Amino acid sequence: MAAASSIEALTARLGRGGVLTAPHDMAPYLGDLLGLYRGEALCVARPRDTGAVAETLRLAAAHGFAVTPAGGRTGFCGGAVPTGARPHIILSLERMRRIRSVDTVNDALIAEAGCTLAEIRQAADAAGRLFPVSHGGEGTSQIGGMIATNAGGNNVLRYGMTRAHVLGLEVVLADGTVWDGLRTLRKDNAGYDLKQLFIGAEGTLGVVTAAALALRPKPLARGTALAAVADPQAALDLFVHMRGQAGELISAFELMPKAGIDLHLARSGAGRDPFGGAHSWMVLIELETVIANLDLTELMETALAGAFERALALDAIITQSEAQRRELWALREGLAEAQAANPRALKSDTSVPLGASPEFVRRAGEAVEAILPGAVPVPFGHIGDGNIHFNVVAPKGMDVAGFSAVTPRLTEAIREVALALGGSIAAEHGLGQSKRQAAAETKPPAELDLMRRVKRALDPDTRLNPGKIVDV
Ligand SMILES: Cc1cc2nc3c(=O)[nH]c(=O)nc-3n(C[C@H](O)[C@H](O)[C@H](O)COP(=O)(O)OP(=O)(O)OC[C@H]3O[C@@H](n4cnc5c(N)ncnc54)[C@H](O)[C@@H]3O)c2cc1C
């Protein structure tokens, strides 16, 4: 009864549509995109402003409810799905979608947490600027969720992860206190850089309600190519060669195995393998610059000619139009989407030091074959920054249940290889609930202890997103 009356009080404050309690309304918020997690909640709160977020947290504090922030719910680690026995409020930021300001002198944009990444990129573009974080889920993922997971994406090589673009934050703390840190300063050493605490904290330390984001000059010229390579070692050698030729102009360098392209083409029923199926490995390379008269197609041609001389590349397609460029990127994104939508595909998110990438792919492949002969490894993604998603598709004929039974062993084996090579089990997707235990088992005790101390300091009652990242 106490819970029911407090939800009524919240409804009175948040207004019509501000609180969802009907099972069919709440259902989409109780699970994750991959269908791996399901939670329970008293209600879904959908505040329209920061004051209402603060009131929701104060009410949760008064009644002992846990609060799980939810963004676009495109995360891959179950971070936005409530877990544990405590009564939960899901706090969705989806109705906080205002771009508060765009300042092209300071090159900064202030946006509310519920703006999608695509909306932020469009607002920057309309102002003649670039917000450089980009990935396949950008139509749905929100800037609050991106900040909470410190998302990476396709252009980390040139621009860095989400953290690199956050100038300031507005955050509501566990007790309802609003911290207005929405500064747009480029230099500010006046004390601890508190915003860093909340970036990558997956909603366990505070609720991000708005962010001041740095904008970049819009690229005015691009060069894009798809190169066929013999294997991941050749892909890495080609990357090092291209870096020598084009340096920081490289904005993307993405590994794509033919196995992944085939899965995407089979699923979409459209498109074709650009090399007619002749090559097992490809890399999508993109260069970009803000200098309009720099001919990056020519630079790409020269650099790839050097790569052919050194036998680093086997074949290449250099795009001559925006339409061709989009076709190549559609393959890259389609490959990821085909995995995300496939219940018979295991997803993984590891990183290793750059030079270890080929050995990682080889050893992880051997480990997978030993555990599940016939399984199809689909290692793909950001090889230019050491972040390869070593996904695995079930052997032909194996059903979802059979595959699910073996995926924990496959996941552990892949992570073991990454850790043995000095890597990370969570490169860009975070820990959420899916990797919390693995982090507890593999992180140094001093690091775990520090994480717990930070958590206790900011959220002493473990109210914010319990069961995620670290147990207190
Ligand atoms: C097709 C596809 C491709 C993708 N590609 C990439 C990629 O290349 N790189 C990459 O890094 N990710 C990628 N992702 C994963 C995902 O888009 C990112 O992790 C994204 O940052 C999650 O944003 P979201 O709004 O969906 O967050 P959610 O999934 O809703 O939440 C993620 C976590 O953040 C917390 N959270 C959400 N909003 C807030 C807030 N306002 N304040 C505090 N905590 C909050 C949640 O509690 C949860 O712990 C991809 C996803 C898809 C579907």
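Everything that follows concerns the structure shown earlier in this document.
Residues numbered from 1 in each chain as written. Predicted model: local features only at pLDDT ≥ 70, side-chain atom pairs only at ≥ 80, totals over all residues. Heavy atoms only, no water.

Caption draft 1: Just the sheet that holds strand β6 (residues 108-112), in detail. Taken in spatial order, the 5 strands make up an open sheet running β5-β6-β10-β8-β9, and their pairing is antiparallel. Edge strands, defined here as strands with exactly one partner in the open sheet, are β5 (99-103) and β9 (178-181). Going from strand to strand, the sheet's axes swing by 15 degrees on average, the running direction of each strand aside. Both β5 and β6 contribute to a ladder of 4 bridges, which runs antiparallel. Note on β6: the bridge partner recorded for Ile 99 is Ala 111. (Pairing = 2+ DSSP bridges. Helix = DSSP H or I, 4+ residues; strand = E, 2+ residues; numbered from the N terminus. Axes fitted to C-alpha atoms, helices over the stretch in contact; angles between N-to-C directions.)

Caption draft 2: Quick look at the site of the ligand. Taken together, 36 residues form the shell around the ligand, and within it Pro 69, Gly 71, Gly 72, Thr 74 and Thr 149 come nearest. A distance of 2.8 Å separates an oxygen atom of the ligand from a polar backbone atom of Gly 75. In the environment of the ligand, an oxygen atom lies 2.8 Å from a nitrogen or oxygen atom belonging to the side chain of Thr 149. Bound to the protein, the ligand loses 95% of the 970 Å² it would expose on its own. Per-element tally for the shell around the ligand: the top contributor is helix α5 (residues 143-149), with 5 residues. Both domains that furnish three or more residues to the shell around the ligand are identified here as domain 1 (2-92) and domain 2 (99-217). (Near = heavy atom within 4 Å. Polar contact = N/O pair within 3.5 Å; in protein donor to acceptor, adjacent residues only side chain to side chain. Areas by Shrake-Rupley, 256 points an atom, 1.4 Å probe, with all protein chains shown as cover. Domains from an automatic or database assignment.)

Caption draft 3: Layout of a nonpolar patch on the surface. A contiguous nonpolar surface patch, about 340 Å² in accessible area, is contributed by Tyr 192, Leu 194 and Leu 197. Residue class for Leu 197 comes out partly exposed when judged on its relative accessible area of 32%. (Patch = residues over 30% accessible without salt bridge, like charges linked within 9 Å, V, L, I, M, F, W, Y side chains within 5 Å. Salt bridge = Lys/Arg side-chain N within 4 Å of Asp/Glu carboxyl O. Buried < 20%, exposed > 50% of the residue type's maximum accessible area, 1.4 Å probe, protein only.)

Caption draft 4: Quick peek at the pairing of strand β3 (residues 66-70). With 5 of 5 residues buried, β3 is to be regarded as a mostly interior element. Residues Ala 66, Thr 68 and Ala 70 line one face of β3 and the alternating positions Val 67 and Pro 69 line the opposite face, and both faces are buried. With 5 bridges joining them, β3 and strand β4 (residues 88-92) adopt parallel strand pairing. For Pro 69, the partnering residue across the bridge sits in β4 and is Leu 91.

Caption draft 5: Local environment of the packing of aromatic side chains. If you walk through the whole model with that rule in mind, you get 3 aromatic pairs. Ring geometry for Phe 239 versus Phe 253: centroids 5.0 Å apart, planes at 65 degrees, classification edge-to-face. Residue Phe 239 is located in helix α8 (residues 232-246), and its partner Phe 253 is located in strand β13 (residues 250-257); the two are separated by 14 residues in the primary sequence. For Phe 239, a relative accessible area of 3% gives the class buried. For Arg 73, the ring lying beneath its charged end belongs to Tyr 29, and the centroid distance is 4.3 Å. (Phe/Tyr/Trp six-rings, centres within 6.5 Å; stacked < 30°, edge-to-face > 60°. Lys NZ or Arg CZ within 6 Å of the ring centre and 35° of its normal.)

Caption draft 6: Representation of the nonpolar core within the structure. Ranked by size, the top nonpolar core spans 46 residues in total, and within it Leu 238, Met 242, Phe 253, Val 283, Ile 285, Leu 304 and Phe 360 carry the most contacts. Looking at this core, the elements that each hand over two or more residues are β12 (221-229), α8, β13, β14 (281-289), α10 (296-309), α12 (357-371), β19 (387-393) and α13 (400-420). When residues are assigned to domains, this core turns out to be shared by domain 3 (221-340) and domain 4 (345-420), each giving three or more. Each residue touching Phe 253, except ones within four places of it in the same chain, is listed here: Leu 157, Ala 235, Leu 238, Phe 239, Met 242, Val 283, Leu 284, Ile 285, Gly 381, His 382, Ile 383 and Gly 384. Within the second largest apolar cluster, 25 residues are counted, among which are Leu 109, Ile 143, Ala 151 and Val 171. (Core = buried A, V, L, I, M, F, W, Y, C linked by side-chain atoms within 4.5 Å. Contact = heavy atoms within 4.5 Å.)

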